[in-house]
Amino acid sequence: MKINTLISKIKPGISAILCIFLSLGTLSSLTAESTFLHVSFDPTRELYEEINKAFLKEWKAKKGNEFAIQQSHGGSGKQARAVIDGLDADVVSLALSYDIDSISTKSGLIDANWQKKLPNNSVPYYSTIVFLVRKSNPKKIKDWDDIVKPGVSIITPNPKTSGGARWNYLAAYGFAKRKYKSDEKATEFVKALFKNTSVLDTGARGSTTTFVQRGIGDVLITWENEAKLSLDEEKRSGKNTLEVVYPSESIKAETPVAVVTKTATEKGNLEKATSYLEFLYTKEGQSIIAKHFFRPTEATVTKASAKEFPNIKLFSLSDLGETWDSAQKKHFADAGVFDAIYKTK
Amino acid sequence: MLIETRPYKKTHLGISLGLTVFYSSAVVVIPLLGLFFHSLGIGVSGILEVFSDERIRSALFLSFSVGFFSALINLFVGFLFAWVLVRYNFPFKKLLDTLIDLPFTLPTAVAGIALTTIYSQNGIIGSYFDQWGIKIAYTPIGIVIALVFIGFPFVVRTVQPVIEELPKELEESARCLGATPFQTFYKVLLPELWPSLLAGTGMAFARSIGEYGSVVFISGNIPGKTEILPLLIVTKLEQYEYEKATSIALVMLLTSFVFMFLINLLQERASKKLS
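Residues numbered from 1 in each chain as written. Chains lettered and ligands numbered in written order. Predicted model: local features only at pLDDT ≥ 70, side-chain atom pairs only at ≥ 80, totals over all residues. Heavy atoms only, no water.

When its secondary structure is counted, chain A shows 16 helices and 12 strands. Per-residue burial over chain A gives 53% buried out of 345 residues. Pairs at least 24 residues apart make up 74% of the contacts formed inside chain A by residues separated by at least 6 positions. A total of about 15,800 Å² of accessible surface is found on chain A, and carbon and sulfur atoms cover 57% of it. (Helix = DSSP H or I, 4+ residues; strand = E, 2+ residues; numbered from the N terminus. Buried < 20%, exposed > 50% of the residue type's maximum accessible area, 1.4 Å probe, protein only. Contact = heavy atoms within 4.5 Å. Areas by Shrake-Rupley, 256 points an atom, 1.4 Å probe, with all protein chains shown as cover.)

Given below as structure tokens:
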């Protein structure tokens with residue numbers, strides 16, 4: 001009896017102490033393990049898992065030590081905001097240079113001249129925007145002109161919430177602008193495109209799910225790597241319901257990387273961060289990139305993987321006479337072209 | 001065995017007050033004040049300007065109307081479930097009882113994805129309705145279904161204990177005095193249950209307005225049609241427009257607060273009437 005009462009008396013005390021220790025334990029493990037953090041956008045998850053392994057192997061061979069690389073993935077804009085708000089990333093790789101620029105101007109954590117620091121404007125790999133259609137292409141979709149025809153149902157994510165969707169939008173806009181040589185015609189073109197859009201998911205992966213898993217829509221406008229990944233996955237599960245269609249022209253979707261100089265310096269990771277990003281430009285890094293369906297930039301790897309990546313005409317943002325800043329203001333900011341499309345509807 | 005009941009001694013004011021103030025300020029008050037000041041950066045006229053946008057107003061209307069309908073559905077269905085769980089015995093009752101809490105613990109995005117799979121054109125239920133030309137996923141109906149799912153446990157879990165506590169004599173005497181089953185329910189039981197039903201429905205409603213994860217998957221997010229208010233907050237954040245985002249949040253917060261306050265008032269009235 002006495003022991004029972006004793007236990008019941010000290011029980012709350014014990015559990016309180018346990019609680020404190022447990023919470024302290026989690027807190028300290030959270031802070032102590034902030035080693036090396038790579039903040040990236042969604043579709044690169046599998047790519048960087050492999051890059052990290054290869055890089056660490058090389059690092060160990062060179063320096064004799066090892067460290068852990070943590071990965072964080074999410075929507076590009078959301079990831080940029082997290083870094084601005086204090087997520088202690090050592091390197092970032094995002095879907096648009098606009099997002100890295102935003103980190104630079106809003107927080108000063110990245111040097112303003114970041115794009116000059118690595119080869120090829122800090123773009124180690126790029127992709128383009130293609131169509132994914134149902135098997136044997138029932139709506140006969142060959143080019144951008146075909147998807148704005150009445151009766152075609154398009155799936156594309158929302159440019160307001162998705163970096164990838166902004167590339168989709170600009171690919172369509174750029175195609176029309178180059179073909180019809182007029183801004184108004186191009187605006188009409190994207191208007192028609194969004195009139196045909198039946199679901200606007202918040203991110204590129206969400207749109208892929210809507211199109212592939214739910215069977216909604218006739219055409220998915222998507223990253224080339226995302227389209228190839230879908231085909232790859234179908235092949236593995238023994239299905240065959242999709243086809244990739246390359247339009248006559250599309251945008252060069254450049255996805256840049258940068259060292260978060262200030263954070264990496266404070267954490268003593270500057271050297272690691274720099275050689276990590278440099279690794280992306282090596283032959284080994286580039287082959288891994290090509291394996292994950294992103295287009296490599298290094299000449300020999302590009303040549304070796306040419307079969308994977310059909311040679312279509314690519315225009316860049318600057319070919320359209322835009323920078324990300326101007327494109328953002330004109331098309332995607334409040335009261336921009338995208339807002340206007342849905343207002344007049 | 002004799003159980004001694006005596007009221008708790010309400011001493012230790014220092015500790016309890018300290019804990020309450022610390023917790024409520026750290027978890028509730030300070031973040032909300034932050035939100036408040038963040039949005040005040042653009043001033044009242046700025047906030048009004050945000051809401052002069054037709055797209056934002058239609059999202060506001062959509063969020064509140066689907067929230068209202070889903071809460072209404074939950075009021076009836078939740079009550080029915082609570083009643084069945086308390087009053088009837090059937091196999092796997094415990095299992096069902098546990099399942100009801102699932103929306104509380106399940107990440108709402110998972111719920112959203114699962115519901116979309118089932119209710120989209122080629123889903124198990126969606127394809128059935130599609131035959132008659134009724135689309136569920138990517139329409140407001142889909143949003144209501146997602147909100148019913150996440151709000152459901154609020155009603156069940158607030159009403160259930162009250163039904164359990166209802167004295168059996170109440171119904172028995174009513175029936176003995178010649179009341180019909182409907183009269184017994186309407187005049188005797190319902191007044192007792194009303195306060196908790198209101199409370200549960202109010203919570204479900206408040207939760208629905210702010211729900212993001214489950215809705216973005218099933219709604220299709222078409223501006224002016226199926227775009228909800230929380231999505232617009234994300235949209236604004238994506239453009240680094242923190243002030244506009246927080247002003248939308250602030251308006252949602254204030255409106256929800258007013259609703260909760262009204263419901264609490266109603267609830268208090270209902271319980272006063274009882275005693």
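Now, onward.
Residue and element names in this part refer to chain A. Core analysis: the biggest nonpolar cluster contains 61 residues, and Val92, Phe131, Trp144, Ile147, Tyr169, Leu193 and Trp324 have the highest contact counts within it. If one sorts the elements of this core by residue count, helix H7 (residues 163-180) sits on top with eight residues. Among residues more than four places away in sequence, those in contact with valine 92 are His38, Val39, Val83, Ile100, Ile103, Ile110, Pro256, Val257, Ala258 and Val260. Counting residues in hydrophobic clusters, the runner-up holds 25 residues, among them Phe36, Phe67, Leu280 and Phe294. (Core = buried A, V, L, I, M, F, W, Y, C linked by side-chain atoms within 4.5 Å.)

Taken as a whole and assessed by the stated rule, the structure comprises 33 salt bridges over all chains. Lys149(A) serves as the salt-bridge partner of Asp146(A), at 3.0 Å between the closest nitrogen and oxygen. By relative accessible area, Lys149(A) is classed as partly exposed at 44%. The shortest N-O distance in the salt bridge between Arg157(B) and Asp101(B) comes to 2.9 Å. Residue Arg157(B) is found in helix H8 (residues 140-165), and its partner Asp101(B) is found in the loop between helix H4 (93-99) and helix H5 (102-105); the two are separated by 56 residues along the sequence. Because the salt bridges share partners, they merge into one network encompassing Lys160(A), Asp334(A), Asp339(A), Arg55(B), Glu227(B), Lys236(B) and Lys244(B). (Salt bridge = Lys/Arg side-chain N within 4 Å of Asp/Glu carboxyl O.)

Residue and element names in this part refer to chain A. Reading across the sheet, the four strands line up as S2-S1-S3-S10 and stay open at both edges, with mixed pairing between neighbours. One side of each edge strand has no neighbouring strand; the edge strands of this open sheet are strand S2 (69-74) and strand S10 (257-259). Within the sheet, the average angular offset between the axes of one strand and its neighbour, ignoring direction, is 15°. Note that strand S1 (residues 36-41) and S2 share six bridges and pair parallel. Within S2, the residue paired with leucine 37 across the bridge is glutamine 70. (Pairing = 2+ DSSP bridges. Axes fitted to C-alpha atoms, helices over the stretch in contact; angles between N-to-C directions.)

Time to look at the confidence of the model for chain A. Residues of chain A with pLDDT of at least 70 account for 90%, and the chain-wide mean is 89. By mean pLDDT, helix H1 (residues 2-32) of chain A is the weakest element of chain A at 52, and S10(A) is the strongest at 97. (pLDDT = per-residue confidence, 0-100.)

Our focus in this paragraph is the interface of chain A and chain B. A common way to express how large an interface is: the accessible area buried when the components associate. Residue-level contacts link 34 residues of chain A with 29 residues of chain B. Buried area between chain A and chain B, both sides added, is near 2,400 Å², and the carbon and sulfur share of it is 49%. Of all residues in chain A, Arg81(A), Arg214(A) and Asp334(A) give up the largest surface area on contact with chain B, accounting jointly for 28% of the area buried on that side. Put simply, chain A and chain B have four salt bridges between them. A salt bridge links Asp334(A) to Lys236(B); the nearest nitrogen and oxygen atoms lie 2.8 Å apart. Our count for the contact surface shared by chain A and chain B stands at 12 residue pairs in polar contact (both at pLDDT 80 or more). Taken together, the elements giving at least two residues each to the side of chain A that touches chain B come down to helix H3 (76-84), helix H4 (97-107), strand S6 (197-199), helix H15 (324-332) and helix H16 (337-343) of chain A. (Buried area = accessible area lost by both parts, 1.4 Å probe. Polar contact = N/O pair within 3.5 Å; in protein donor to acceptor, adjacent residues only side chain to side chain.)

Here we take up the packing of helix H2 (residues 45-63) of chain A against helix H12 (residues 270-279) of chain A. Residue and element names in this part refer to chain A. At a minimum axis separation of 10 Å, H2 and H12 run at an interaxial angle of 120°. Taken together, the axes of H2 and H12 are oblique relative to one another. Here the hand of the crossing between H2 and H12 comes out right-handed. Across the interface between the two elements, Tyr48, Ile51, Asn52, Ala54, Phe55, Glu58, Trp59 and Lys63 from H2 touch Glu271, Lys272, Ser275, Tyr276 and Phe279 from H12. Split into classes, the residues belonging to the contact of H2 with H12 amount to seven nonpolar, two polar and four charged. (Parallel < 35°, antiparallel > 145°, perpendicular 65-115°, else oblique. Left-handed = near helix turned anticlockwise from the far one by under 90°. Nonpolar A, V, L, I, M, F, W, Y, C, P; charged D, E, K, R; others polar.)

With 26 residues, H8(B) ought to run about 38 Å at 1.5 Å a step, and its terminal C-alpha atoms sit 38 Å apart, in line with that. Along H8(B), the largest kink reaches about 40° and is centred on Gly151(B); proline Pro153(B) follows within four residues of it. (Expected span 1.5 Å × (residues − 1). Bend = angle between axes of the 7 residues up to and from the residue.)

Our next topic: the environment of Asp88(A). Assignment of secondary structure puts Asp88(A) in the loop between H3 and strand S3 (91-93). Here the alpha-carbon distance between Asp88(A) and Val260(A), two residues 172 residues apart in the chain, equals 8.6 Å.

On to the side chain of Ser70(B), then. Take Ser70(B): it is sitting in helix H3 (residues 54-87). Owing to a relative accessible area of 0%, Ser70(B) belongs among the buried residues under this scheme.

Residues and elements named next belong to chain B. Remark: H3 packs on helix H10 (residues 181-210), axes separated minimally by 8 Å, with the N-to-C direction vectors making an angle of 135°. Here H3 is positioned oblique relative to H10, judged by the angle of their axes. Judged by the twist between their axes, the crossing of H3 over H10 is right-handed. In this structure, H3 contributes Ser63, Phe64, Gly67, Phe68, Ser70, Ala71, Asn74, Leu75, Phe79 and Trp83 to the contact, and H10 contributes Phe185, Leu189, Leu193, Leu197, Thr201, Ala204, Phe205, Ser208 and Ile209. For the contact of H3 with H10, the residue count by class is 13 nonpolar, six polar and no charged.

All names here are of chain A. Across the 10 residues that make up strand S4 (residues 125-134), a large majority, 10, are buried. Here four bridges tie S4 to strand S9 (residues 249-255), and the two strands are oriented antiparallel to one another. Bridge pairing in S9 links tyrosine 126 to glutamate 254. As paired strands, S4 and strand S11 (residues 295-296) are joined by two bridges and run antiparallel to one another. The residue of S11 that forms the bridge with tyrosine 126 is arginine 295. Bridge count between S4 and strand S7 (residues 219-223): five bridges; the pairing is antiparallel. The residue of S7 that forms the bridge with leucine 132 is leucine 220. By the bridge criterion, four bridges tie S4 to strand S8 (residues 242-245) in an arrangement that is antiparallel.

All names here are of chain A. Those residues of H15 not exposed but buried are Trp324, Ala327, Gln328, His331 and Phe332. Taken around the axis of H15, the buried residues stretch over an arc of 100°, which confines them to a single face. In this structure, the buried side of H15 is in contact with H4, H7 and H16. (Arc of directions from axis to C-beta.)

On to the side chain of Lys160(A), then. With respect to the helices, strands and loops of the structure, Lys160(A) is situated in the loop between strand S5 (154-155) and H7. There is a polar contact of 3.2 Å between the side chain of Lys160(A) and the backbone oxygen of Phe332(A). Each residue touching Lys160(A), except ones within four places of it in the same chain, is listed here: Arg166(A), Phe332(A), Ala333(A), Asp334(A), Phe338(A), Asp339(A), Arg55(B), Thr235(B), Glu238(B) and Gln239(B).

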